[in-house]
Amino acid sequence: MAGDGGAYRLRCSLLGHEQDVRGITRGFFPEGGFVSVSRDRTARLWTPDGLNRGFTEMHCMRGHSNFVSCVCIIPPSDLYPRGLIATGGNDHNICIFTIDNTAPLYVLKSHKNTVCSLSSGKFGTLLSGSWDTTAKVWLNDRCMMTLQGHTAAIWAVKILPEQGLMLTGSADKTIKLWKAGRCERTFTGHEDCVRGLAILSEMEFLSCSNDASVRRWHISGECLHVYYGHTNYIYSVSAFPHCEDFVTTGEDRSLRIWKQGECIQTIRLPAQSVWCCCVLDNDDIVVGASDGIIRVFTKSLERTASAEEIQAFENELSQTSIDPKTGDLGDINADDLPGREHLKDPGTRDGQTRLIKDNGKVEAYQWSVSEGRWIKIGEVVGSSGGIQQTSGKVLFEGKEYDYVFTVDVNESGPSYKLPYNISDDPWLTAYNFLQKNDLNPMFLDQVAKFIIDNTKGQAPLNTNTEFSDPFTGAGRYVPGSTSLSNTAPAADPFTGMGAYQSAEAENIYFPKKDAVTFDQANPTQILGKLKELNSNAAEEQKLTEDDLIILEKLLSATCNTSAEMPTAQQMQTLWKAINWPEDIVFPALDILRLSVRHPIVNENFCGEEAHVQFIHLLLKFLNPQGKPANQLLALRALCNCFVSQAGQKLLMEQRDEIMTQAVEVKSGNNKNVHIALATLTLNYAVCLHKVNNIEGKAQCLSVISTVMEVVKDLEAVFRLLVALGTLISDDKNAVQLAKSLGVDSQIKKYVSVSEPAKVKECCRFVLNLL
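Enquirer: Explain the overall build of the protein chain to me, and be specific about the residues and the numbers.
Expert: Secondary structure assignment for the protein chain yields 18 helices and 36 strands. Split into buried and exposed, the 770 residues of the protein chain put 57% on the buried side. For the protein chain, the accessible area works out to roughly 32000 Å², and carbon and sulfur atoms hold 47% of it.

Enquirer: An account of the packing of helix α7 (residues 586–595) against helix α10 (residues 628–641) is needed here, citing residue identities and associated values.
Expert: For the pair α7 and α10, the least separation of the axes is 9 Å and the interaxial angle reads 15 degrees. By the angle between their axes, α7 is roughly parallel relative to α10. α10 is crossed by α7, and the crossing has left-handed handedness. Of α10, the residues touching α7 (which contributes F586, L589, D590, L592 and R593) are A629, N630, L633, R636, A637 and N640. In terms of residue class, the contact of α7 with α10 is made up of 6 nonpolar, 2 polar and 3 charged.

Enquirer: Quick one: what's the story with the environment of N315, residue by residue and with numbers?
Expert: By secondary structure assignment, the location of N315 is in helix α1 (residues 307–318). Note: C-alpha distance between N315 and K376 (61 residues apart in sequence) is 8.3 Å.

Enquirer: An account of helix α9 (residues 611–620) is needed here, citing residue identities and associated values.
Expert: Buried within α9 we find H611, F614, I615, L617, L618 and L619. Taken together, the buried residues of α9 touch α6 (568–577), α7, α8 (599–606), α10, α11 (645–653) and α12 (655–662).

Enquirer: Would you mind going over the confidence of the model for the protein chain in detail, with residue names and values included?
Expert: Confidence along the protein chain averages 86 in pLDDT terms, with 87% of residues attaining 70 or more. Scored below 50 in pLDDT, residues 459–491 shows 100 contacts in the model against residues more than four places distant or in partner chains. Under a pLDDT of 50 for its full length, residues 498–504 has, in the predicted model, 15 contacts with residues more than four places off or in other chains.

Enquirer: Break down the pairing of strand β11 (residues 125–130) for me, with residues and values.
Expert: The element β11 is largely enclosed, with a buried count of 6 among its 6 residues. Covered by surrounding structure in β11 are T125, L127 and G129 together with L126, S128 and S130, the residues of both alternating faces. In terms of strand pairing, strand β10 (residues 115–120) meets β11 through 5 bridges, oriented antiparallel. Each residue of the ladder has a partner; that of S119, found in β11, is L127. Counted between consecutive antiparallel strands, the loop separating β10 from β11 contains 4 residues, among which F123 sits at a positive phi close to 60 degrees. In this structure, β11 lies alongside strand β12 (residues 135–139), joined through 5 bridges in antiparallel fashion. Counterpart to G129 in the pairing with β12 is A135.

Enquirer: I'd like a description of the pattern of salt bridges, backed by residues and values.
Expert: Inspection of the entire model under this criterion finds 29 salt bridges. Linking E314 and R373 is a salt bridge whose minimum nitrogen-to-oxygen distance equals 2.5 Å. Of the two residues, E314 sits in helix α1 while R373 sits in strand β32 (residues 373–380), which places them 59 residues apart along the sequence. On the basis of relative accessible area, R373 is assigned to the partly exposed category, the value being 30%. A salt bridge links R340 to E363; the shortest N-O distance between them is 3.0 Å. Note that R340 is positioned in the loop between β29 (321–322) and β30 (353–358) and E363 in strand β31 (residues 361–368), a separation of 23 residues in sequence. The exposure class of E363 is buried, given its relative accessible area of 6%.

Enquirer: Describe the packing of aromatic side chains, and please don't skip the residues or the numbers.
Expert: Inspection of the entire model under this criterion finds 18 aromatic pairs. Grouping aromatic residues by their ring pairs yields a cluster made of F34, W46 and F55. Taking NZ or CZ as reference, R22 lies 3.7 Å from the ring centre of W275, over its face. Lying over the aromatic face of W155, R195 brings its terminal NZ or CZ to 3.8 Å of the ring centre.

Enquirer: Tell me about the nonpolar core, and name the residues and values.
Expert: Judged by nonpolar contacts, the single largest core of 114 residues is most densely connected at L651, L680 and I747. Element by element, the count of residues in this core is highest for helix α13 (residues 671–691), at 12 residues. In contact with L651, other than residues within four places in its own chain, are I615, L638, C641, F642, I658, L680 and Y684. Listed in part, the 18 residues of the second largest apolar core include L10, V274, V287 and A305.

Enquirer: Quick rundown of the side chain of H17? Include the residues and the values.
Expert: Along the chain, H17 turns up in the loop between β1 (9–14) and β2 (21–26). A polar atom in the side chain of H17 sits 2.7 Å from the side chain of S36. A polar side-chain atom of H17 sits 3.1 Å from a polar atom in the side chain of R44. Residue contacts for H17: discarding those within four places in its chain leaves S36, V37, S38, D40, T42, R44, G292 and I294.

Enquirer: So what's going on with the sheet that holds strand β15 (residues 165–170)? Residues and values would help.
Expert: Taken in spatial order, the 4 strands make up an open sheet running β14-β15-β16-β17, and their pairing is antiparallel. Across the chains shown, the open sheet's two edge strands, defined by having one partner strand only, are β14 (154–159) and β17 (182–187). For this sheet, the mean inter-axis angle between neighbouring strands, taken without regard to orientation, is 20 degrees. Note that β14 and β15 share 5 bridges and pair antiparallel. Looking across to β15, one finds that K158 is bridged to L167.

Enquirer: Account for the sheet that holds strand β22 (residues 234–239), naming residues and giving values.
Expert: Here we have 4 strands laid out as an open sheet, ordered β22-β23-β24-β25, and antiparallel in their pairing. Each end of this open sheet is capped by a strand with a single partner; those strands are β22 and β25 (262–268). Between one strand axis and the next, the sheet turns by 20 degrees as a mean value, whatever way the strands run. Bridging between β22 and strand β23 (residues 246–250) involves 5 bridges; their strand directions are antiparallel. Residue S236 lies in a different strand from β23, and its bridge partner there is T249.

Enquirer: Lay out the environment of A557 in plain terms, naming residues and giving numbers.
Expert: Its location among the elements puts A557 in helix α5 (residues 545–558). As for A557 and H598, which are separated by 41 residues in sequence, their C-alpha atoms are 8.6 Å apart.

Enquirer: Can you lay out α5 for me, pointing to particular residues and giving the numbers?
Expert: Here α5 spans 20 Å end to end across 14 residues, near enough to the 20 Å set by a 1.5 Å rise per residue. Taken together, the buried positions of α5 are D547, L548, I550, L551, L554, L555, A557 and T558. On its buried face, α5 sits against α4 (523–536), α6, α7 and α8. Taken from the residues just after α5, N560 is the one with a positive phi, measuring 65 degrees.

Enquirer: Mind laying out empty space enclosed by the protein, listing which residues take part and the relevant values?
Expert: Computed from the structure, the largest cavity encloses a volume of approximately 280 Å³. Looking at the largest cavity, it is lined by 20 residues, and the ones nearest its centre are Y8, I267, F313, E371 and I375. Mapped onto the lining of the largest cavity, the elements with two or more residues apiece are β1, β25, α1, β31 and β32. Classifying every residue of the lining of the largest cavity gives 10 nonpolar, 5 polar and 5 charged.

The rules behind the values
Each chain carries its own residue numbering, running from 1 in the written order of its sequence. With the structure being a predicted model, the display of local features is reserved for residues of pLDDT at least 70 and the display and counting of side-chain atom pairs for 80 or more, all residues being used for whole-chain, interface and lining totals. With hydrogens and water excluded, all non-hydrogen atoms of the structure serve as input to the side-chain values. Runs of E in the DSSP output that reach at least two residues are strands. Runs of H or I that reach at least four are helices, and both are numbered from the N terminus. Burial status follows relative accessibility: with a 1.4 Å probe on protein chains alone, a residue under 20% of its type maximum counts as buried, one over 50% as exposed, and anything between as partly exposed. To be clear on the numbers: accessible area is Shrake-Rupley with a 1.4 Å probe, and residue cover counts the displayed protein chains and nothing else. Fitting a line to C-alpha atoms yields each axis, with helices limited to the stretch in contact; the angle taken between N-to-C directions then spans 0 to 180 degrees. Roughly parallel here means an angle under 35 degrees, roughly antiparallel means over 145, roughly perpendicular means 65 to 115, and every remaining angle is called oblique. Note on convention: near helix rotated counterclockwise from far helix by under a right angle means a left-handed crossing. Clockwise means right-handed. The criterion used for residue contact is that any of the two residues' heavy atoms lie within 4.5 Å. Under the scheme applied here, ten amino acids are nonpolar (Ala, Val, Leu, Ile, Met, Phe, Trp, Tyr, Cys and Pro), four are charged (Asp, Glu, Lys and Arg), and all others, including Gly, are polar. pLDDT expresses how confident the predictor is about each individual residue, on a scale running from 0 to 100. Being paired, for any two strands, means DSSP has found at least two bridges between them. Salt bridges are counted wherever a side-chain nitrogen of Lys or Arg sits within 4 Å of a carboxyl oxygen of Asp or Glu. Geometry of aromatic contacts follows a simple scheme: Phe, Tyr and Trp rings, the Trp one being its six-membered ring, pair when their centres are within 6.5 Å, and the pair is stacked under 30 degrees between planes, edge-to-face over 60, tilted otherwise. A positively charged side chain is recorded as over a ring if its NZ (Lys) or CZ (Arg) lies within 6 Å of the ring centre. The angle to the ring normal must also be within 35 degrees. In this text, buried Ala, Val, Leu, Ile, Met, Phe, Trp, Tyr and Cys residues form a nonpolar core when linked through side-chain atoms within 4.5 Å. Any pair of nitrogen or oxygen atoms within 3.5 Å is treated as a polar contact; in protein, a donor-acceptor pairing is required on top of that, and neighbouring residues in sequence qualify only through side-chain atoms on both sides. Every helix has an expected span of 1.5 Å times one less than the residues it contains. Here a cavity is any set of points on a 1 Å grid over the protein atoms alone where a 1.4 Å probe fits but cannot get out, and a pocket is any open set with protein on both sides within 12 Å along at least 5 of 7 lines; a residue lines the site when it has an atom within 4 Å of a point. Grid points are joined across faces, edges and corners, and a volume is the space filled by probe spheres set on the points.

Below you can see the structure in the form of C-alpha cells.
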C-alpha cells in the first residue's frame, strides 16, 4: 500500500444522493474521479475539486426505473476513448452511459431479476451477476453467453486478468471459476452468502461474506487465509493496487483497512449499512452508505478535511444511536458497565470498542491509535424509545427486501415468510404468497390488508423492522484415423490429397463453406461385426436373419453400391439396432453414421416426427464415462447429419444441448474422439457463419477454447483452427469475444509447428484476424 503509512482521516463528505449509495467505482475519466449509484435510481460522476479537497458532481445519469444496485467502468476503446459507464438495477436492466451524456447510450435486457454486480474485461466485454442465479457475458449490446450453475442469487462477479477466466459469488455460499463460459472449479468455505470479490493478481483473489469473514483464495481452489474483524455482514471488499492490502465495509457501520493480513484501522460511520467501497489511484478510499452520503478518507495531510469538518463528522458519529440487538458490541448489561473514568486507560489496538455508563446512558467509544484517544461512536439505545439506525434491507432466500414478515395464517398452522418491497403491489404480493405456499385464496384480502397496515406511510428509507428479520435484527447470523470427404480435391487440407502446396498469400482454409463428413466405410467388416455381436446378444435383443439382410440392403443403398432407395422398413430396423445395449451397439452406430448422409434417412431421423428421440439417443452415448467407440461414432453421426437440410435444422435447434454434452468427452485421451469433436464444432461454425448467430458463435468459441486446452492431435487442432477462423471471419464482435476468451494466446504455439504445414499456416491466418 503506497503512502506515508499514516492513519486514514476524513477527506470530505459528499451530498447529492437521496437514498442509500449502493455502488462505487473509480473512473478512467476524469482522472482521480469516481462514479456512484444509489437506490434513488441515479448514477453520479464525481470529479476532484482541487480548491477545497473535495469532489464536484459532474453528471447525474438516469435510465433505470428502479433502484440502481451496481456500477463498473468499461475501459476506453477507439470508439469511446473516455470509456463507458455500466450500471445494473432492480429493474433487471443494465444501462450503458457515455461520460458526457446523462441518458443511456443503450440498455441491455436479458436478466430476469435484479442485476447486482458488474465487472468489465478486455476488448469491451462485460460480466453481470443477478438474483436470477445467472451471470451473463456481454459484448457491446449483445449477450454472448449465460453462465449457469449457481443455485441462488449471484451477488458478486469479477473478470480475472487472465483472459477467459471469470469469478461469480453467490447466496448459495460458493464461488465459481469459469473459463470460456464453463465452470472449471467451485470454491467452498464461506458459511453464508458471498457478497463481494476483489482481484489481487492473476492467481489470487479475495471474497467477503455475510459470515463476517474475508477469504484469500488461489485459483487452484486453495483457501490461503481467513480474515476476521467485522462483527456483522461484510458487503464490499476492494484491493489496493499492486499489493495484497485491502479495505472492507459492512453492516457493523465500519470501514476497515487491512495491511499484511491484519486490520490496522477501523473507521466507524454514522450509518448502519456501509454498502460499498473502492480505492482510488492515489490510495484514497471512497465509501457509500445507507444514509445516502459518500465519504472519502485519505492518508494525505494535504487532502485531509479541515479540523472543523472532522469535528462535525465526529459529532455526527457520537450522536448515532446503536441498537444492542445487532450484537456488534457484544452482550450488553448496563448495570455492569463502568463510568467515564474507564476512558482514562488507553486502548490496546486500533478499533477497540469500550462501553461506559454516564448519567444513565450507555455510550460507545472506539480507540484511535493514530490520535491516541477514545472517539465516541454513538449511544446504545434500548428497544423502547430508541431509533434504530438501519438500512432496513432484509436478506431472504439470497435477495433483498424492505420487509420480511412472519405471517400466521391460522393458529394451528405453521408460520410463513412473506418478503415485500415498498415498490411492490400489496395485492399481487399477497396473491403470489398464497400461490407459493399453496394457501387458500380466501386469505387474499387478509394478507393484503396485513401488508398495507404494516407498511402504511412508509417511504423506502423509513423501514419498520418490528415484523422482519433485517440484517441487524433478531435471527441474524452472529459469526464465531480417418479420411474425409473433400470439396476441393485439388488441394484439400482435410485429407492431404491432391497437389496441395503451401499457400502464403491465399487463405484456402476458412471461412469453410460446407460441412465436413466422415465417409470412409468397409460395409463387409461392419456387417461381419454386427452378426458376430448379434449371435451373443440376449434373445429379446437379437436381430432376425431378415433384419440382418434388411440392414445390409440399407448399407448398400446409402453407400452408393445399389440403385435402390432406403425404405421405411430398413430405417425401422436400424432404429431397433441402435437401441442395443451400450457394450454391443457400436456397429449399428456405424451403419447409422453412414446411412444418415442419405437425404431420405436424414429426413426420417432428423425430421419433425422422430428428432427428439434421435438426439437424446445419440447424446446418451456422449457420456464421459461411456465407451470411446460409442462416443466416436455418435459424434461422427452428428457430423454427418449436417449434409442435409433436415439435419442442419435439427442440430442448430438443439445446438446448446448437443454442444454442452459433446464437449464433456474432451477429457478422454482418444485422438479420434477429439478429431470428431473438433469436426462437430467446425460444422457448427460453418452454419453459424451463414446465419451470424452471435450467441451460437459464443458457445462455439467457448468449446474451441476449452478443447484446445486438452487436445494433442494436430489434426484435431487444425479443425479447431478452421472452426475458429470461420467463426470470426467478417464479424468484429466475434473477433472481440475470441480475444476476451484468450484464444489468441492459446493458439500462438501452433505457429511454430513444422508438420503438417497446414496447422502453422492456418494458425497464422487466424492470428492475422485477431
